[in-house]
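Here are the chains, one letter per residue:
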Amino acid sequence: MNNDYVLLVSDWKNNDIKLVPLSEEDIYGSGSKINKVFNSLEDIDLFTSRFHNEYDLGVYLMRKKGGFSNFDVFIGHKYSYNNKINLLEVLYNKSPYVSYLCNDYLNKEHSSSDMILDKFAEMVDSDDEFYRYLREHNSNVDSGYIFSHRGSLPAKEISGAWVKTCYSLLRNIVEAMQTYNGYGNGSACFAAKCSNYEKSKKRGQFSNIISIYLDQDTSSDDYLDRQVRVFCDAERYKIKEIYDTVMNLDSRIFDFNNGFVDVDLSMYGDYVDSLNDLLKKQLYIISIYVSFINSGDTNYKNVLKQSVISLINILKVNLDLLDNLYSFVLVYNRCIDNSRRNSDDLDGNRQKNKSS
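All chains use their own residue numbering, which begins from 1 and follows the written sequence. With the structure being a predicted model, the display of local features is reserved for residues of pLDDT at least 70 and the display and counting of side-chain atom pairs for 80 or more, all residues being used for whole-chain, interface and lining totals. Working from all heavy atoms in the structure, the side-chain values ignore hydrogens and water.

Visitor: Hey, could you run me through the packing of helix H5 (residues 113-126) against helix H6 (residues 128-135) in this one?
Guide: Between two packed helices, what matters for the description is the angle formed by their axes and the separation of those axes. Note on definitions: angles span 0 to 180 degrees between N-to-C directions of axes, and those axes are lines fitted to C-alpha atoms, for helices only across the stretch in contact. Helix numbering and strand numbering both begin at the N terminus, where a helix is a DSSP run of H or I of at least 4 residues and a strand a DSSP run of E of at least 2. Relative orientation of the contacting elements H5 and H6 amounts to 105°, with a least axis distance of 5 Å. In terms of orientation, H5 and H6 fall into the roughly perpendicular class. Facing Phe120, Met123, Val124 and Ser126 of H5, the residues of H6 in contact are Asp128, Phe130, Tyr131 and Leu134. Any residue that is not Ala, Val, Leu, Ile, Met, Phe, Trp, Tyr, Cys, Pro, Asp, Glu, Lys or Arg is counted as polar, Gly included; the first ten are nonpolar and the last four charged. Here the residues of the contact of H5 with H6 sort into six nonpolar, one polar and one charged. These descriptions rest on fixed angle ranges, namely under 35 degrees for roughly parallel, over 145 for roughly antiparallel, 65 to 115 for roughly perpendicular, and the rest for oblique. Whether two residues touch is decided by their heavy atoms; if any such pair falls within 4.5 Å, the residues are in contact.

Quick look at the structure:
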């Protein structure tokens, strides 16, 4: 199971795009409420198949995840071996084959494979438009699985082979059938095809930002810069000030006890506790690594980078946390400035007393 798929929602009018982090509660209806950006394709399908159509899903995202009013929802995936971006359609609960597929996965069975593959083979053999739809690469079905001549598709011939247990192939077959069946006939078919073409074209406009979102090559020197570019202009200045501040945090402001971190600025004449536990721990870890590096131990440079990347990834999917952290940074920097000013005043008074 590859946990490197992400649910994406875009706003065409504003040329904006967001990742949709999911929790176990979102996916299964119960469980942990901790969000993850990257999930398995199977889990994303379980989540989206709870909804009958894109409108229902979009309303849920607006209410629960901060989605958009003009939405297009799709799935992104980046192949590790060639860095190619692959965009998948979302599966909705409007076809029995979606239910068969997701229930099989949930119950760790493959009992519906024959049904799905037989239906696919039947459509390929009997529907010229569907076959052309597949052949023109309008689907995510593996091209190696679609033979160039009719009537000899592996779906009809293979029994108990890898194809019946390959979730990605089966779900892409279901996706192709779902998308094609949504076209309808006559003018409705033409309108749906035009709509699908417009979606593909507009998604292509987001290709660069999607690539940045899905970039997991944290070893590259410019990885952090590219991830910061994910934030809109209105948020980047906050990220810049946050980054500059957390790389110089005074580790003495943190108190670590029984797995919990408290932030105490009383040494600077103030006290702030507006951060959640996740952010406190991230800041505490970063401050410790920075103190090690400042003392001359360069072995912690890479783990410091990973900690900063982790912090940015947390902020990337939760702008409320970004605002909370930015507020803390403003208070912290004000405390530092006041402390320096008081120290300078004290030194100035000492110099005056000496000279007098």
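Visitor: Sorry, what's going on with the environment of Gly58 here?
Guide: Here Gly58 lies in helix H3 (residues 54-64). Here Gly58 falls in the buried class, since its relative accessible area comes to 2%. Sequence separation of Gly58 and Phe68 is 10 residues, and the distance between their C-alpha atoms is 7.5 Å. Between buried and exposed lies partly exposed: a residue is buried under 20% and exposed over 50% of the maximum accessible area for its type, with that area taken using a 1.4 Å probe on protein chains only.

Visitor: Just checking my understanding: could you explain the pairing of strand S6 (residues 260-263) for this structure?
Guide: Every other side chain in a regular strand lies on the same face of the sheet, so the side chains alternate between the two faces. Of the two faces of S6, only one is covered, namely that formed by Val261 and Val263; the face formed by Phe260 and Asp262 stays uncovered. Summarising the sheet, strand S5 (residues 254-257) and S6 pair through four bridges and their orientation is antiparallel. Looking across to S6, one finds that Phe256 is bridged to Val261. DSSP bridges decide pairing: two strands pair if at least two such bridges lie between them. Here S5 folds back onto S6, and the loop between the two strands holds two residues, one of which, Asn258, carries a positive phi near 55°.

Visitor: Could you clarify how one ought to interpret the pattern of salt bridges in this entry?
Guide: When the charged atoms of two side chains lie near each other, side chains of opposite charge can form a pair. Any Lys or Arg side-chain nitrogen found within 4 Å of a carboxyl oxygen on Asp or Glu counts as a salt bridge. Under the defined criterion, the tally for this structure stands at nine salt bridges. As a salt-bridge pair, Lys119 and Glu122 come within 3.8 Å of each other at their nearest N and O atoms. Placement of both Lys119 and Glu122 in helix H5 is noted, with a separation of three residues, approximately one turn of the helix. The shortest N-O distance in the salt bridge between Asp250 and Arg252 comes to 2.9 Å. Overall, the relative accessible area of 14% leaves Asp250 in the buried class. On the basis of relative accessibility, which here comes to 60%, the residue Arg252 falls in the exposed class. When salt bridges with common partners are traced through the structure, they connect Asp45, Arg171 and Glu175 into a single cluster.

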